[in-house]
Structures are given as C-alpha cells and as structure tokens.
Amino acid sequence: MTKLAIVYLSTQGSTQMMAEAIAEGVSQKHIEVRVNNFYEWDPKDAATYDGIAIGSSTFYYKMLEPIAKFLDALIAEGVEGKVGAAFGSYGWSGEAPVMIAEKMREAGMKVVDPVLRIQYVPDEKDLKECQRLGKDIAMKLKKLVKE
Ligand SMILES: Cc1cc2nc3c(=O)[nH]c(=O)nc-3n(C[C@H](O)[C@H](O)[C@H](O)COP(=O)(O)O)c2cc1C
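Model, not experiment: these values are computed from the prediction.

Draft legend 1. Local environment of the overall build of the protein chain. A tally of regular secondary structure across the protein chain gives five helices and eight strands. Listing the helices and strands of the protein chain from first to last along the sequence gives β-α-β-α-β-β-β-α-β-α-β-β-α. Against the globule reference of 15 Å for 147 residues, the protein chain gives a C-alpha radius of gyration of 13 Å, in line with a compact fold. Counting all 147 residues of the protein chain, 51% fall into the buried class. Pairs at least 24 residues apart make up 79% of the contacts formed inside the protein chain by residues separated by at least 6 positions. For the protein chain, the exposed surface amounts to about 7,300 Å²; the carbon and sulfur share of it is 51%. Counting 19 positive and 21 negative side-chain charges, the protein chain places the centres of these two groups 5 Å from one another.

What follows is the structure, encoded as structure tokens:
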C-alpha cells in the first residue's frame, strides 16, 4: 500500500497541529499515513515510505537543527523520485519550510506545492489549508504509483 511519512519538530505545538491536519487530509484520501515527532522516527525507516513530509518551525532564520540532521540522514538513504512536502509555523521570516523543500528538490524528490507556512498558531482556516495540502499529497502519491 502507498504510504506517507510525516516527520516534524515543533517547540510550542503549532507545527505539530499542522502535521496532524495534513495527516487528516491524507487519510481522507485513503492513503496510509504515520505522523510522529522526529525523535520517534528512524530516518532509515522514513526512507522506505513512498512520500515524506517534513515540518519545522523557523528559529534564527533556519530550520531547527535536529530536523536538518534528520533530513541529511534521510537523503543519505536515497529518496530520489519520492514525493516530498515541506511545512512549518513561523513568526516573521519563515525560511525553514523553504529550505527543507530546496534540499528535497536537490535530492531528486518531487515536492508538492505549496510549501506551507503558517504564521504562529494555526486557526481553523489554516488547518483547512493543511488538510488541503494533505489531500494534494495523497493525489500526487496515487499518480506516482500509476506511472
Ligand atoms: C528564540 C526564537 C527564535 C525565533 N526565530 C525565528 C526566525 O528567525 N524567523 C521566524 O519566522 N520565526 C522565528 N521564531 C518564531 C517561531 O518560528 C514561531 O513562534 C513558531 O510559531 C513556532 O512554532 P512551533 O510551536 O511549531 O515550534 C522564533 C521564536 C523563538 C522563540
């Protein structure tokens, strides 16, 4: 079965809320999804999934260091041709998701648009947008399997 891994790191829970809403959208399209904090994931295991969505809030104009390390380890496993997605909560500059998406593209992943950034705590409308992204990721995964 086609499956998606959602890996996130969130200091106050905002990026976590996004991750869970994305997972809801994915499930609604009947794609298997596992959503967990990065420390509950082994990059080797995540690399076996058909799609990988990674979320980090922005700290000091970058993604959080443990996510940067996770992403490097994941890429080292080989992720070419897999579906990727990047997301995260931010305060004022929001570089983290953009940097995640850039690294994914460099590694040959097919990154789903948009790279989703939500300012501070997501509201109802923002969470709907996250669910929408989840559905789009699911559709891209289904298309990939057919190819
Ligand atoms: C010490 C510190 C540094 C931060 N640096 C940035 C930054 O450089 N750019 C930005 O957009 N937001 C920055 N933020 C804001 C966080 O990204 C924002 O609070 C976000 O909602 C946290 O999401 P989380 O709960 O998922 O970690 C910073 C916050 C703190 C506490």
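Next, the rest of the story.
Draft legend 2. Just the pairing of strand β6 (residues 83-90), in detail. In terms of burial, β6 is a largely internal element, eight of the eight residues being buried. Along β6, one buried face is formed by Val83, Ala85, Phe87 and Ser89 and the opposite face, lined by Gly84, Ala86, Gly88 and Tyr90, is buried too. Judged from the five bridges that link them, strand β3 (residues 51-56) and β6 form a sheet pairing that is parallel. Bridged to Gly51 within β6 is Val83. With two bridges connecting them, β6 and strand β7 (residues 110-111) associate as parallel partners. Looking at the pairing, Val83 lines up with Lys110 of β7. Relative to strand β8 (residues 116-119), β6 is paired through four bridges, and the arrangement is parallel. The residue bridging Gly88 from the neighbouring strand is Arg117, located in β8.

Draft legend 3. View of the pairing of strand β2 (residues 32-37). With six bridges connecting them, strand β1 (residues 3-9) and β2 associate as parallel partners. What sits directly across from Leu4, in β2, is Val33. In this view, the connection linking β1 to its parallel neighbour β2 by way of helix α1 (residues 14-28) has right-handed handedness.

Draft legend 4. Here's a closer look at the nonpolar core. Counting residues in each nonpolar core, the largest one holds 26 residues, and the members touching the most others are Ile52, Ile54, Ile67, Phe70, Leu74 and Ile100. Within the residue set of this core, elements represented by two or more residues are β1, β3, α3 (65-77) and α4 (95-106).

Draft legend 5. Main features of α3. Helix length check: α3 (13 residues) gives 19 Å between terminal C-alpha atoms against 18 Å at 1.5 Å per residue, within 8%. By the burial criterion, the buried members of α3 are Ile67, Ala68, Phe70, Leu71 and Leu74. When α3 is viewed along its axis, its buried side chains cluster within an angular range of 160° and face the same direction. Looking at α3, the residues exposed on the side facing more than 90 degrees away from the buried face are Lys69 and Ala76. Following α3 by one or two positions, Gly78 has its phi on the positive side, about 95°.

Draft legend 6. Here's a closer look at the site of the ligand. Around the ligand sit 18 residues in total, of which Thr11, Thr15, Ser57, Ser89 and Ser93 are the nearest. Measuring from an oxygen atom of the ligand, one finds a backbone N or O atom of Thr58 at 2.7 Å. Contacts to the ligand include Trp92, whose backbone N or O atom sits 2.8 Å from an oxygen atom. Looking at the shell around the ligand, the elements that each hand over two or more residues are α1, β4 (58-59) and β6.

Reading the values: rules and limits
- One numbering rule holds for all chains: residues counted from 1, following each sequence as written.
- At least 70 in pLDDT is required for a residue's local features to be given in this predicted model, at least 80 for side-chain atom pairs to be given and counted, and no such filter applies to totals for whole chains, interfaces and linings, which use all residues.
- Values shown for side chains rest on all heavy atoms present in the structure; no hydrogens or waters enter the calculation.
- Starting at the N terminus, helices and strands are each numbered in turn, a helix being any DSSP run of H or I of at least four residues and a strand any DSSP run of E of at least two.
- The atom set for the radius of gyration is the C-alpha atoms, and the globule formula is 2.2 Å times the number of residues raised to the power 0.38.
- For each residue, the accessible area found with a 1.4 Å probe, counting protein chains only, is set against the maximum for its type, and the residue is called buried under 20%, exposed over 50%, and partly exposed in between.
- Only heavy atoms matter for contacts: two residues are in contact if any of them lie within 4.5 Å across the pair.
- Here, Shrake-Rupley sampling with a 1.4 Å probe gives the accessible areas, and only protein chains in the shown set may cover a residue.
- Only four residue types enter the charge count: Lys and Arg as positive, Asp and Glu as negative, with His and the chain ends excluded.
- Think of each charge as sitting on NZ of Lys, CZ of Arg, CG of Asp or CD of Glu.
- When DSSP finds at least two bridges between two strands, those strands are taken to pair.
- When the strands point away from the viewer, a crossover counts as right-handed if the route from the first strand across the helix to the second turns clockwise.
- By nonpolar core we mean a set of buried residues, namely Ala, Val, Leu, Ile, Met, Phe, Trp, Tyr and Cys, connected to one another through side-chain atoms within 4.5 Å.
- The span expected for a helix works out to 1.5 Å for each residue beyond the first.
- The directions from the helix axis to the C-beta atoms are what the arc is built from.
- Any residue with a heavy atom positioned within 4 Å of a molecule or strand is treated as near that molecule or strand.
- Counting of polar contacts relies on pairs of N or O atoms within 3.5 Å, with two restrictions inside protein: one atom must be capable of donating a hydrogen and the other of accepting it, and residues adjacent in sequence are counted only when both atoms are side-chain atoms.

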